[in-house]
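Geometric and topological summary
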Amino acid sequence: MKNLYVGTSWKMNKTVAETREYMKKMKEFMQNNGEAIKDLDVFILPTFLAIDAALQITRNANSGLKIGAQDCCWEDFGPFTGEVSPMHLKDLGVSYVEVGHAERREIFKETDEMVSKKVAAIVKNKMKPILCIGEEEKPSQIDIALNFLKNQLLDDLSRIESADLKNIIIAYEPVWAIGATASAPLDYIKEAIDFLRALLNKEFGGRHGDDQVIIYGGSVTPESAKDILALPDNDGIFVGRSALNIDYFIKMIIMASEVQKVK
Ligand code: PGA
């Protein structure tokens, strides 16, 4: 049985003080619900400035909560003004690094070439990339989206070996469903995830696609989370806005633990 993942990126939200407050409550929840959450992977990606504060609260707390970053540079050090080194993130105690989010690609013009270099740098530094992929618009025929996903995923994974796939989390996030009023339809999510698994089996051989951790993101809420988590080939949810409210995030974690029991 694979673990179910429940994660959130806070994007550019929450100060250090707000992060501390949230993390203290999260730590308490995780410690008091050890049995329920034992087969879940729960992660939170605060802003860079708040990562250390989050780590200080969760470190040695035996809470199982993992802290990550929302991006990093592809080089470990050097003349890259304003960038954040993956080596420094590792040194700080970071476990996960998100890469290729739609906002980075669209607003900050990140290319697949840059994303693939970041994925390789994160793996090299022994952290887990959360690689975001997704088509920009909902097409009239899903095949158009699947073809786009194929090219994007293979480009983004072009610098890694098949043995590294087990250390990568793929977040399927259709761009049109991010920050929207509703998540993508269930049958649409299922078809995309099934396609990605078949693609990875074909390209990397063996059962790489079946074993791959693939989660869904895009307007997940406490109302939509349960059905998305229950999709047979989906390994979890990646939440934006809804998880800024800790009560909602905890609600979704509890849902995941219930779904996990019957999955
Ligand atoms: P959202 O963000 O849940 O606010 O749509 C999701 C994401 O960008 O990963």
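In this text, all values refer to a predicted model and were calculated from it rather than measured experimentally.

What follows deals with the packing of aromatic side chains. Under the criterion given, the structure shown has 5 aromatic pairs. Between Trp-176 and Tyr-188, the ring centres sit 5.3 Å apart and the planes meet at 90°, which makes this aromatic pair edge-to-face. Pair noted here: Trp-176 is in the loop between strand E6 (169-172) and helix H7 (186-204) and Tyr-188 is in helix H7, with a separation of 12 residues, a long-range link. Judged by its relative accessible area of 22%, Trp-176 is partly exposed. Put simply, the rings of Phe-43, Tyr-96 and Phe-238 touch in pairs and so form one group of aromatic residues. Across from the ring centre of Trp-10, 5.4 Å away, lies the NZ or CZ of Lys-14, which sits over that ring.

Here we take up helix H9 (residues 222-230). For H9, the set of buried residues is Pro-222, Ser-224, Ala-225, Ile-228 and Leu-229. Buried residues of H9, viewed axially, fall in a sector of 145°; they line one side. Contacts made by the buried residues of H9 are with strand E1 (4-9), H7, strand E7 (213-217), strand E8 (236-239) and helix H10 (246-262).

Right, let's get into the site of the ligand. Near the ligand, the surroundings consist of Lys-11, His-101, Glu-173, Ile-178, Gly-179, Gly-218, Ser-219, Gly-240 and Arg-241. Gly-179 is positioned with one of its backbone polar atoms (N or O) 2.7 Å from an oxygen atom of the ligand. Measuring from an oxygen atom of the ligand, one finds a backbone N or O atom of Ser-219 at 2.8 Å. Here the ligand, which alone exposes 280 Å², has 98% of that area covered by the protein. Classifying every residue of the shell around the ligand by side-chain character gives 1 nonpolar, 5 polar and 3 charged.

Here helix H1 (residues 16-32) crosses helix H2 (residues 48-58) at 30°, and the two axes come no closer than 9 Å. Between H1 and H2, the interaxial angle falls into the category roughly parallel. Read as a crossing pair, H1 and H2 show a hand that is right-handed. Only Leu-49, Ala-50, Ala-53, Ala-54, Ile-57 and Thr-58 of H2 make contact with H1, whose side of the interface consists of Val-16, Thr-19, Arg-20, Met-23, Lys-24 and Lys-27. Of the residues belonging to the contact of H1 with H2, the class tally is 7 nonpolar, 2 polar and 3 charged.

Turning to the packing of H9 against H10, a few remarks are in order. For any two helices packed against each other, one specifies the inter-axial angle together with the distance between the axes. Contact pair H9 / H10: the axes reach a minimum separation of 9 Å and the direction vectors enclose 25°. It follows from the interaxial angle that H9 and H10 lie roughly parallel. Seen along the crossing, H9 lies across H10 with a hand that is right-handed. Where H9 abuts H10, its residues Pro-222, Ala-225, Lys-226, Leu-229 and Ala-230 lie against Tyr-248, Lys-251, Met-252, Met-255, Ala-256, Glu-258 and Val-259. When the residues that make up the contact of H9 with H10 are grouped by side-chain class, the tally is 9 nonpolar, no polar and 3 charged.

With phi around 50°, Lys-11 is a residue other than glycine that occupies positive phi space. Its location among the elements puts Lys-11 in the loop between E1 and H1. Positive phi, close to 55°, is recorded for Ser-219, a residue that is not glycine. Mapping Ser-219 onto the fold places it in the loop between E7 and H9. Overall, the relative accessible area of 10% leaves Ser-219 in the buried class.

Once that is clear, we can look at the state of the cysteines. Within the structure shown, the criterion is met by 0 disulfides. Sulfur of Cys-73: no disulfide; nearest cysteine sulfur belongs to Cys-72 and is 7.1 Å away. Given the relative accessible area of 2%, Cys-73 is considered buried. Free of any disulfide, Cys-132 has its nearest neighbouring cysteine sulfur in Cys-72, separated by 13 Å. With relative accessibility at 2%, the residue Cys-132 sits in the buried group.

The rules behind the values
Residues numbered from 1 in each chain as written. Predicted model: local features only at pLDDT ≥ 70, side-chain atom pairs only at ≥ 80, totals over all residues. Heavy atoms only, no water. Phe/Tyr/Trp six-rings, centres within 6.5 Å; stacked < 30°, edge-to-face > 60°. Helix = DSSP H or I, 4+ residues; strand = E, 2+ residues; numbered from the N terminus. Buried < 20%, exposed > 50% of the residue type's maximum accessible area, 1.4 Å probe, protein only. Lys NZ or Arg CZ within 6 Å of the ring centre and 35° of its normal. Arc of directions from axis to C-beta. Contact = heavy atoms within 4.5 Å. Near = heavy atom within 4 Å. Polar contact = N/O pair within 3.5 Å; in protein donor to acceptor, adjacent residues only side chain to side chain. Areas by Shrake-Rupley, 256 points an atom, 1.4 Å probe, with all protein chains shown as cover. Nonpolar A, V, L, I, M, F, W, Y, C, P; charged D, E, K, R; others polar. Axes fitted to C-alpha atoms, helices over the stretch in contact; angles between N-to-C directions. Parallel < 35°, antiparallel > 145°, perpendicular 65-115°, else oblique. Left-handed = near helix turned anticlockwise from the far one by under 90°. Disulfide = S-S within 2.5 Å.

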